[in-house]
Structures are given as structure tokens and as C-alpha cells.
Amino acid sequence: MNNHLLPISEYTPEPIKFIGFTQPHGVFLAIKEPELTILQVSNNTSHFLGFPPEDLLNQPLSKFIDQEQINVFLDYLSQQDLQSSNPIEFTINVRDENIDFDGVIHRSQDILILELEPTLLDKSKVFFKFYPLIKLAVSKLKGADSTPLICQILAKEVRKITGFDRVMLYKFDDDGHGYVIAEDKLDSLETYLGLHYPESDIPRVARELFTSNYTRLIPDANAKPIEIIPCHNPITNQPTDLTNSMLRSASPCHIQYLHNMGVAASLTISLVKDQKLWGLIACHHQLPKYLPYEIRSACEILGQMTSLELANKQDNQDSEYKIHLASIQSKLIEYMSIDKNFIDGLINHKINILNLVNAQGAAICFDGEYITIGNTPEQKDIQKLVAWINQNLQESIFYTNTLYQFYPPAEEFRNLASGLLVVSIAKSQKNYILWFRPEVLQTIDWAGNPYQPLQIMEDEGIPLSPRKSFELWKEIVQLKSLPWKSCEVNAALELRNSIIGVVLRKVDELEVLNRDLERSNNELDAFAYIASHDLKEPLRGIHNYSNFLIEDYGETLNEDGQSKLRTLIRLTQRMEDLIDSLLHFSRLGRIDLSMQQIDLNKILDNILDLLSPRIEQEKIEIRIPEPLPKIYCDRVQISEVFNNLIANAIKYNDKDEKWIEIGYLPETNPLQFYVKDNGIGIKNKHFNTIFRIFKRLHGPSKYGGGTGAGLTIVQKILEKHDGKIWVESIYGEGTTFYFTLQGDEVQ
Ligand code: ADP
């Protein structure tokens, strides 16, 4: 089956524009201005003009065109937009007969090119025959509302106007390959509708030709090419650039190609939008077929009109979608600023980040956490993907609809993430937002195997041969998601900027809060210090005077009076203890840590030594499953932590056989220590309150008394070491205090 579009040879790497040959249906003249001296001609002037090339070369144009027409011609040449005057009508006397020509002019490398085609049709007939057809086509195109319909109408109307056997609309995809989106043809011909063509069929060079010259007619693919004489331009000593020549000959490869297809004549019209070739109108005829310049131009105008119409439609659709995306974006920004955490704002509402880019899954990787929504790969896969992104992503955005090509492990989760769109929030912290799209299997009908586009052959002087097999070749495209639209990509980028704004603002707010907190903490410490310091003095006075009273006047008081005085002394003592605790606590906030490498075993030995009288007295078994590590910490303060916790473990135990276990969990990071006892235990409801200052669960003198500040002090010391403390306990059975210490472990 020969089902390729016409222009394959136009796209081979041959230097097509310097081919040096023209097609035989007109005369080619390269002319030097301003004298209008003929520099080069196609070797068919005898046939069309009645003069052999040697009679015309180096002669003025007036050799075969009369002065009156030359004067009109000079007028055209002085115009800015040279091509707008095309075609210029010439009547030339050839062998005593007046023949009409369509003259088409352009300049190439400062050389004027004049191409003459005999006017085969009566101009007025052309007008009356084709004008109504074109008018009708325009009105039909204007009435169509959908893109496929517009394309179909265009193919049909161009075929009506040109009379070609087959007219197709060929569209280039973003990835460079093209496919037939509309077709009108003779019933007897096989359809090419829906067939795809690889990018290599129409590479960049060829597309450039199509963007500079919008129509390309090959009326007879079998006609013998005509050489240009001389082959090099005598002024430039180079072959003349035929990029914009209408008559430029087709390359041998192209002729071969047309043969393979069984096509004798072809007309190609470029479809251009914003200087970009987005498609072609390709017309095929099985027999040779010539079309006058005006009709070619009319088809070109139809093509351009359609391009504009389609572009308009696309723009309208795009802008509707863009407005939709913008409204989602502003909702997300609103949620982000209202919600406590911007991540909640992005995922916890009915409108969420999935809607922003029409994705099926998304992951927000922030500060080491992975928050997902919709259908996403597993966290371990996302983690690996993020590590890869972090290593490879230089820009703030990356997107693909074939992730597998960049990141082969993506094959594993193709049904979730064949497409990826990722924006980076902060590369250094590995903070990213990822959107996923699943694989969408597509069947593509290729015209021939696209993976063997051209065969290189050296036979019969044809350097390159187009492919010969155009058998329908079906491919199931795998590992590919729907592509990301540019407005979706932009929406993701804009969201990224907003997030950065929100995050930065939150950081600022947090900093202000922190500063406020620090200031009020300092003030509180200072207040506690001053208050306790100043209170101590009068308290001491009361205490002393109460003692004097009981010593000097105790006997004059009755038993009740003496007891009240003793209570007063006890209370002042207790108050002093409380004030001392407060003073101690407030000092903690004011002194800096003196960090050094400390062997915790030594600390523990000291404390056990200090507490040994009570340990022995109570017959408490001390268990230390394994030696404690060395860590960086403040020796005095960490001693206090162990001291307080062990002292409590001794105090709050009423069992006959008491034990205390002191240890740590070696595999933890930060290291997790514990002090465990089989004492009285603590009810769940008190797990938090026991850390409040002066909070005791018992009467002042029960369990050996205490101020209720010990655990508060322990907590404060640990917080200063970036650690924390918590309690686990079964009431009546025993208690374990756990605490963490950040200090690097040095074994
Ligand atoms: P204090 O021991 O001076 O009362 P703490 O702040 O050290 O103050 O302890 C607060 C309260 O927590 C204690 O009154 C006690 O009720 C409870 N508590 C502390 N350690 C233990 C323990 N090992 N077993 C049972 N209860 C405890």
C-alpha cells in the first residue's frame, strides 16, 4: 500500500534549495538589477520564449519583453512588498504569436528571480469559475463550529476548487510527528485518514522551506527536470538559492517517492500560525495536473484563513481553561493562607492541587514528610524518585508524559505515574510538589514502520531513497500519560511561587513569635529571679523572728500558741524551699550550657553514691543492664536530671522489694534513656500535670515531701539540650520516665 504523503524527498538532507534544476512547466530567469540583465535561465527558453539560452544570457530583459511592459514591471520592482504584486501579467511575442504569461517575482541573495508560466486559462473564466467556489468555501468555513468539522470542510472545498483526487489535512504533533486529521478523496482510493507519520519524514530543513514558501506545485512528477544555465550565478559564483522558487525541481528522491505512491501530481499548501508550521494541506492526483497561480493562491488564502480560525478557537478554549485554572489557583492560595498549615490548604478541601493541573495523584514532600493525595506511587517509590529529582533537576520545574524514559524505575508504577510534573519549593531541603498521571495506552496507526524511516541506497545515482514499504503499521504506545498542557505547567509554576511566598511569610511570622516568646521567657525568668530573690530576705526575717519567739517567749505561750508558732516556722521553711526551687528554675533559663563530652557512667556512679544511704536503707536493687554511653552535654545539669529521676524513683515506692533500672536504647536517634521503678505508679490523667511547676500529687510531707519543681526542672534542662521527656506508668505497679538527649554519641 502506498500511503505516504507527498513530500518525503523534500525533507531529505539533500541540498534541495541548491538543486540547480527547475520543473518544465515554466521559464526561470535570474536577473541583475537595476539594468535587468539576464544572468541565468532554465534551459527551456527556446520552447517558451523562442530564444535559446545563449541568445538571452547577458542580454537585457527587453530582448523579449517590450518596453511598455518593462516600464510597468519596473514599477512593481520599486514596491516594498514585492510578492504582493504576483502574478504580473506579461504578453510576449513568441514566434509571431502573442502568448500570455503569469510572471512571479521574488529576490534571492540580491538577485531578482522571474518565473513565467504560460496562462493556460482565460483570466475572466478563472475568475467566474473559481470565485463563487472560494466564496462558498469561506462561508462554509465561517459557519463551522468544531475543529474537526472545519478541517473536513477545508479538505472538501480545496478538493472542489483544485479537482485533485485526494486532499488531506496533515497536522504536526508537539513531538514532531504528524497525522492526517481530515481527508476528501475519490471513493476508489484507500483512505489515509488517521495515519501517523514519523518526524523524520518531515525534518526541520523541510519545514523551513514550507514556512517560507506556502505553496508547492509539482504538476508532473515524471517530467524531465530542466537545468539552469549557467549552473552557478556569475555574480555570486554560487548555485542560486531556489528556496522561494515556484519552479524548483523535485529531487530524485522525491520523484522516486511519488512513484512509490502512484502519484503523478501534487500540491502542498502550508498551514502556518505565529510563523510556525502546524500542518499542511496535501493534494494528490494520479495523473499529471497543472493549476494556475491564482487558484494556488486562493487555496493558500483558504488555508491561512482556516489557520486563523482554528487558532482563534484554540485560543478561546485555552483561555476558558486558563480562567478555570486561575480560579482554582486563587482558591488554593486562599486556603493556604487561612489554614494553619499551607499543606492542609492544598489537600484538605474539595478543590485541591489535583484540580490545578488535572492530575490523578500528587505528593507534597516537605521537611522530610510525604503527604499524598489521589493515586500515587508508594511512599518508598516517591522517596527514591525525589532523591533522583533532587540530583538531576536544575530548574524549578520539570514535566514529562514519559517519565520512564528519564527514570526507568517508573515502569514499576506506570499505571500511577507515567506522567510527572514537579516543582521545587526548596531544593536544599528536598521540598517538592509532584503531580502524577497514569499510563494511557494508545494505538497509533503508522504509515509504515516509523522506526525505519529511510533506507540509504547508492544505486542508479540516487543517494537516498524513501522507504518503499508503507504498509499500515500499528503500534500500541505504552508508558505514556496524557501530555501536560502549557497552561497547566504555568499554573503549577505560579502555585510554586505562591507557596514560596506563603512559606516565607509563615517563617517570618514564626520568627516574630519566637522572638516574642523568647523575650517573655526572659522577662519571666528575670521576674521569677528578682521576686524569689527579694522575697527570700523578709522570709528569712519571719523565720528568724519566729525562732527567736519560740526560744525566748515559748514558755509564756500555751501549747496551742507554741504549736501555731512551730507551724509558722515549718511554713516559712517550706516557703523558702519553694522559693529556692523557683530561683533554681529561673536560673536555669539564664545560664548557658557548658557542653562537653561526658561519660554518663561517671555521673551515675556519683549520684548513686550520694543517694547510697537511702538506697541501702530501703534495700533498693539498682539495675543497670549495660553501661551508659558518652555524650556531649552539660555535666552539672544532666547530673541533676539523673539525680531528680532516681530520687523520685526511690521516694515514690512502697513495695517490699524495690528496684530501679537505669538504661538506654542503643539503636535510637536521638538516644532514648529511661529510669524505671516498681513504685506506686501514676494515673494516666496525671501524665502531663506532673511536669507543671509545684505540682505534687500528694500532701506536702507525704513520700518524703518535695516542692513539686523537680520534674519541671528536669524538663527544662532536657529542652535546653534539644531533648524531651515523657512518662509511662501503670498505677500501682511502677513508672518509667523516658527522655532523649541529642548529644552526639561517642562510644
Ligand atoms: P516532687 O517530687 O518534689 O513532688 P516532682 O516534680 O519531682 O516533684 O514530681 C511531681 C510529682 O510527680 C510528684 O509529687 C509525684 O506525685 C509524681 N512522681 C514523680 N516521680 C514519680 C515516680 N517515680 N513514681 C510515682 N510518682 C512520681
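Residues numbered from 1 in each chain as written. Predicted model: local features only at pLDDT ≥ 70, side-chain atom pairs only at ≥ 80, totals over all residues. Heavy atoms only, no water.

Draft legend 1. Highlighting the packing of helix α8 (residues 293-338) against helix α13 (residues 486-553). Following both chains from N to C, one finds α8 and α13 inclined at 15°, their axes separated by 10 Å at the closest point. With respect to each other, α8 and α13 are oriented roughly parallel. Helix-helix and strand crossings are classified by hand; for α8 and α13 the assignment is right-handed. Mapping the contact onto sequence places Tyr 321, Lys 322, Leu 325, Gln 329, Leu 332, Ile 333, Met 336 and Ser 337 in α8 and Cys 487, Glu 488, Ala 491, Glu 494, Leu 495, Ser 498, Ile 499, Val 502, Arg 505 and Lys 506 in α13. (Axes fitted to C-alpha atoms, helices over the stretch in contact; angles between N-to-C directions. Helix = DSSP H or I, 4+ residues; strand = E, 2+ residues; numbered from the N terminus. Parallel < 35°, antiparallel > 145°, perpendicular 65-115°, else oblique. Left-handed = near helix turned anticlockwise from the far one by under 90°. Contact = heavy atoms within 4.5 Å.)

Draft legend 2. Summary view of the sheet that holds strand β6 (residues 111-118). Ordered in space as β1-β11-β3-β2-β6-β5-β4, the 7 strands form an open sheet in which the pairing is antiparallel. The open sheet has two edge strands with one neighbour each: β1 (21-22) and β4 (88-94). Here 8 bridges tie strand β5 (residues 97-108) to β6, and the two strands are oriented antiparallel to one another. By the bridge assignment for β6, Gly 103 is matched with Leu 116. In the packing of helix α3 (residues 67-77) onto the sheet, contacts are made with β4, β5 and β6, and the angle to β4 comes to roughly 150°. (Pairing = 2+ DSSP bridges.)

Draft legend 3. Up close: the environment of Leu 568. Along the chain, Leu 568 turns up in helix α14 (residues 559-588). A sequence separation of 22 residues divides Leu 568 from Ser 546, and the C-alpha atoms of the two residues are 7.2 Å apart.

Draft legend 4. The arrangement of the packing of aromatic side chains in detail. Inspection of the entire model under this criterion finds 15 aromatic pairs. Arranged with centres 4.9 Å apart and planes meeting at 80°, the rings of Phe 342 and Phe 366 form a pair that is edge-to-face. Taken together, the residues span a long stretch of sequence, with Phe 342 in helix α9 (residues 342-347) and Phe 366 in strand β14 (residues 361-366) at a distance of 24 residues. Take Phe 342: its relative accessible area is 6%, and that puts it in the buried class. Relative to Phe 406, the ring of Phe 398 lies with its centre 5.3 Å away and its plane at 85°, an arrangement referred to as edge-to-face. With relative accessibility at 18%, the residue Phe 398 sits in the buried group. Here Phe 406 falls in the partly exposed class, since its relative accessible area comes to 41%. An aromatic cluster of at least three residues, connected via ring pairs, comprises Trp 388, Phe 398, Phe 406 and Tyr 407. Here the basic side chain of Arg 166 rests over the ring of Tyr 192, its NZ or CZ set 3.6 Å away from the ring centre. The side chain of Lys 724 reaches across the aromatic face of Trp 726, ending 5.9 Å from its centre. (Phe/Tyr/Trp six-rings, centres within 6.5 Å; stacked < 30°, edge-to-face > 60°. Buried < 20%, exposed > 50% of the residue type's maximum accessible area, 1.4 Å probe, protein only. Lys NZ or Arg CZ within 6 Å of the ring centre and 35° of its normal.)

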